[in-house]
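Remarks on the overall topology
As a plain string of letters, each chain reads:
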Amino acid sequence: AFALSVVSEGAEDETELPVLQRSEKRRTISKIGRELKGIVFVIQSQSNSFHSKRAEDLKRDILKQAVDLGKESPVVLLTHQIDRHESAWTILPLMTDFSVTYGRNTSWIFFCEEDTRIKVVKLLETLRRFDKSKEWFLGKPLYDEESTIIHHYAFAENPTVFKFPDFAAGWTLSIPLVNKLAKKLKSEPLKSDFTIDLKHEIALYIWQKGEGPHLTPVPEFCTDDVNSYKADDCATTFSNFLPLCGEPVNKEDVFVAVKTCRKFHGDRIPVVKQTWEREAALIEYYSDYADISIPTIDLGIPNTDRGHCGKTFAILERFLNHTSPRTPWLVVVDDDTLISIVRLRKLLSCYDPNEPVFLGERYGYGLGTGGYSYITGGGGMVFSRTAVQKLLASKCRCYSMDAPDDMVLGMCFSGLGIPITHSPLFHQARPMDYPKDYLSHQIPVSFHKHWNIDPVKVYFTWLAPNTEESHNEKKVGYNREDL
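Residues numbered from 1 in each chain as written. Predicted model: local features only at pLDDT ≥ 70, side-chain atom pairs only at ≥ 80, totals over all residues. Heavy atoms only, no water.

1. Side note on a nonpolar patch on the surface
Stated formally: To count toward a patch, a residue needs a relative accessible area above 30% and no salt bridge. Like charges then connect within 9 Å, nonpolar side chains (Val, Leu, Ile, Met, Phe, Trp, Tyr) within 5 Å. Computed with a 1.4 Å probe, the accessible areas rest on the Shrake-Rupley method; for each residue, only the protein chains presented here act as cover. Just to be clear on terms, a salt bridge is a Lys or Arg side-chain nitrogen sitting within 4 Å of an Asp or Glu carboxyl oxygen. Here a helix means four or more residues in a row that DSSP labels H or I, a strand means two or more in a row labelled E, and each is numbered from the N terminus. When accessible area is computed with a 1.4 Å probe and restricted to protein chains, residues below 20% of their type maximum are described as buried, those above 50% as exposed, and intermediate ones as partly exposed.
Taken together, the side chains of Ile149, Tyr153 and Trp451 present a nonpolar region at the surface, about 340 Å² in accessible area. Position of Tyr153 among the secondary structure elements: in the loop between β6 (141-142) and β7 (164-165). When its relative accessible area of 42% is taken as the criterion, Tyr153 is described as partly exposed.

Now the structure itself:
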């Protein structure tokens, strides 16, 4: 503890220390240097300019801490800069490269998000507790309180038994485990075509139905705010406040398109009108039937029981051709999506509408075999006008009217070289489908589905503007623990 405190202060003149202390300090710095060299930092980054800057800022901070320790720079990688960047965000396809490149000269691969904050000395101190020659999967554990569709109802009898890492707190694999995973992936490629909840799916793959290691909880991997009194004991902290990069975008800068159909006019549309419709300055409802009481617009596209590709592309064309060219943002939501337009306007202040932005909750399809990423529709899909222009200028269209619109859009944007931009603040499912601890460090933008919930209650609990957001608009209070 003495040695670490000497190093962390760093600024004192070594010549003022007694000879024994000087020697101890040099040995400690040398040891830390060796340990630091044994870690590869991997930031789970994105190529969008806002996100890449945040990742670069974190990289600079890690390197600065290394310099302050008087040591050479560690390896810090950004996933979006890795060659096969389309699948790099799913991590497991990178194991072979990690094994080949770092399998002999390093001890740990440490992963984190762009908003994770790292105390390098504390991280080294924490990893020192674990034998680096063994297989370790370390992180802050999350678990499901009830089985959920986003995890394919895994561990239905008792979902709390299976732990998976909260990426926000950082998570670590020892090199022996990386080497084992690389070997397994070579002989047994990933089976599932879909990537839905990466943190859960990685933990399942590592666990190997009991043959591989469970996640080992590490208390020093935290999601407490850096200014929290708890943060003193943390090697990592996390500040995922709702990003705000200046003034929120104007209400008139966001056009909202609600997809609906005649059979849901009577039950779903009233929920929208009771909850978030008032937050939107520009909103239209698109249906297979023109109902003047709502009102809805019939786009001439019959409703389908499967995907809604034809309807969504008709919405995109209408946005481009029938709205003001000065309206930079389009949001497409389902009639059972619950969304905070107030928070979305804050979030959009961080994005440049002159870039082709396609934003929401990211899923993946066939990424192990050259597939594509896409924004899942239920949580809401956000497009910059520039993205819509580039898409419609291309020849990429629905292969059938009832194709899944979100997947076709992902395929089209992938073909155009336009990256999907992920935000964990959009949610394809209901609040109870996510671990409470995961949601505790979020200010969510959306949830989806009315199944087995009171959607109005969910909206006012999780998404309604607070006093500050709504300029004293009254908020109905409910207890999140009940939802």
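2. Notes on the sheet that holds strand β1 (residues 39-44)
What counts, and what does not: Pairing between strands is defined by DSSP: at least two bridges between the two strands are required.
Here six strands make up an open sheet; going across it, the order is β2-β1-β3-β8-β5-β10 and the pairing mixed. At either end of the open sheet lies a strand with only one pairing partner, and these are β2 (75-78) and β10 (216-217). As paired elements, β1 and strand β3 (residues 108-113) share six bridges and run parallel to each other. Within β3, the residue paired with Gln44 across the bridge is Glu113.

3. Considerations on the side chain of Glu220
Cut-off, in case you're wondering: In protein, a polar contact requires one atom able to donate a hydrogen and another able to accept it; more generally it is a pair of N or O atoms within 3.5 Å, and residues adjacent in sequence count only if both atoms are side-chain atoms. Here a residue-residue contact requires only that any non-hydrogen atoms of the pair lie within 4.5 Å.
Locating Glu220 in the fold gives a position in the loop between β10 and β11 (236-238). The class for Glu220 is buried, based on a relative accessible area of 14%. Within polar-contact distance, the side chain of Glu220 engages the side chain of Arg129 at 2.8 Å. Those residues in contact with Glu220 that lie beyond four places of it in its chain are Lys122, Thr126, Arg129, Asp233, Cys234, Ala235 and Thr236.

4. Some words on helix α13 (residues 405-415)
Along α13, eight of the 11 residues are buried, which leaves the element largely enclosed by surrounding structure. Here α13 has its buried residues at Asp405, Asp406, Met407, Val408, Leu409, Gly410, Cys412 and Phe413. Directly after α13, the chain includes Gly417, whose backbone phi takes a positive value near 75 degrees.

5. Some points on the pattern of salt bridges
Applying the stated criterion across every chain yields a total of 21 salt bridges. Put simply, Arg129 and Glu220 hold a salt bridge, and the shortest N to O gap is 2.8 Å. Within this pair, whereas Arg129 is found in the loop between α6 (120-127) and β5 (137-139), its partner Glu220 is found in the loop between β10 and β11, the two being separated by 91 residues in sequence. A relative accessible area of 47% places Arg129 in the partly exposed class. Residues joined by salt bridges that share partners form a network here, namely Lys53, Asp57 and Arg60.

6. Comments concerning the nonpolar core
Under the convention used in this document: Among buried residues, the Ala, Val, Leu, Ile, Met, Phe, Trp, Tyr and Cys ones that are joined through side-chain atoms within 4.5 Å form a nonpolar core. Note that domain bounds follow an automatic or database assignment of domains.
Met95, Phe98, Leu173 and Leu344 are the most contacted members of the largest nonpolar core, which totals 84 residues. Looking at which domains feed residues into this core, each of domain 1 (32-238) and domain 2 (251-463) gives three or more. Filtering out sequence-adjacent residues up to four positions away, Leu173 remains in contact with Met95, Ser107, Trp108, Ile109, Phe111, Trp136, Phe137, Val178, Leu181 and Ile206. Grouped together as the second largest cluster of nonpolar side chains are 27 residues, Ile43, Leu58, Ile62 and Phe130 included.

7. Comments concerning the packing of aromatic side chains
For clarity, the threshold we go by: Pairing of aromatic rings covers Phe, Tyr and Trp, the last through its six-membered ring, and needs centres within 6.5 Å; plane angles under 30 degrees mean stacked, over 60 mean edge-to-face, and all others mean tilted.
For the structure shown, the criterion picks out 24 aromatic pairs. Arranged with centres 6.4 Å apart and planes meeting at 55 degrees, the rings of Tyr434 and Phe447 form a pair that is tilted. Remark: Phe447 occurs in strand β22 (residues 446-448) and Tyr434 occurs in the loop between β21 (421-422) and α14 (436-439); sequence separation between them is 13 residues. Given the relative accessible area of 9%, Tyr434 is considered buried. Among the aromatic residues, those joined into a ring-pair cluster are Phe98, Tyr102, Phe111, Phe137, Phe167 and Trp171.

8. Quick word on the state of the cysteines
Filter applied, for reference: Defined by distance alone, a disulfide is two cysteine sulfur atoms within 2.5 Å.
Under the counting rule described, the total for this entry stands at four disulfides. The disulfide partner of Cys245 is Cys350, and the gap between their sulfur atoms is 2.1 Å. Taking the torsion about the S-S bond as the criterion, the Cys245 to Cys350 disulfide, at about 90 degrees, is right-handed. Of this pair, Cys245 sits in the loop between β11 and β12 (254-259) while Cys350 sits in the loop between α11 (341-348) and β17 (358-360), and the two are 105 residues apart along the sequence. Residue Cys245 is classed as partly exposed on the basis of its relative accessible area of 39%. Judged by its relative accessible area of 9%, Cys350 is buried. With a sulfur-sulfur separation of 2.0 Å, Cys396 is cross-linked through a disulfide to Cys412. Between Cys396 and Cys412, the disulfide has an S-S torsion of -80 degrees and is therefore left-handed. Pair noted here: Cys396 is in the loop between α12 (385-393) and α13 and Cys412 is in helix α13, with a separation of 16 residues, a long-range link.

9. Notes on the layout of surface pockets
This is how it is decided: Cavities and pockets are found on a 1 Å grid laid over the protein atoms alone: a cavity is a set of points where a 1.4 Å probe fits but cannot escape, a pocket is an open set with protein on both sides within 12 Å along at least five of seven lines, and a lining residue has an atom within 4 Å of such a point. Grid points are joined across faces, edges and corners, and a volume is the space filled by probe spheres set on the points. Three classes are used, and their members are as follows: Ala, Val, Leu, Ile, Met, Phe, Trp, Tyr, Cys and Pro are nonpolar, Asp, Glu, Lys and Arg are charged, and the others, Gly among them, are polar.
Taken as a whole, the largest pocket spans an internal volume of roughly 1000 Å³. Listing elements by their share of the lining of the largest pocket, those giving two or more residues are α4 (85-88), α7 (175-187), β9 (194-195) and α8 (198-207). Split into classes, the residues belonging to the lining of the largest pocket amount to 13 nonpolar, 14 polar and nine charged. Among the domains, domain 1 (32-238) and domain 2 (251-463) are the pair contributing at least three residues each to the lining of the largest pocket. Each pocket or cavity is described by its volume, and for the second largest pocket that value is around 750 Å³. Broken down by element, the residue count for the lining of the second largest pocket peaks at three residues, all from α13. Its residues assigned to classes, the lining of the second largest pocket comprises 11 nonpolar, 11 polar and 12 charged.

10. A word on the environment of Tyr365
With respect to the secondary-structure elements, Tyr365 resides in strand β18 (residues 362-365). Placed 169 residues apart in sequence, Tyr365 and Ile196 show a C-alpha to C-alpha distance of 8.9 Å. The residues touching Tyr365, leaving out its near neighbours within four places in the chain, are Asp193, Phe194, Gly371, Tyr372, Tyr374 and Met407.

Such coordinate-based values are descriptive only and should not be taken to indicate function.
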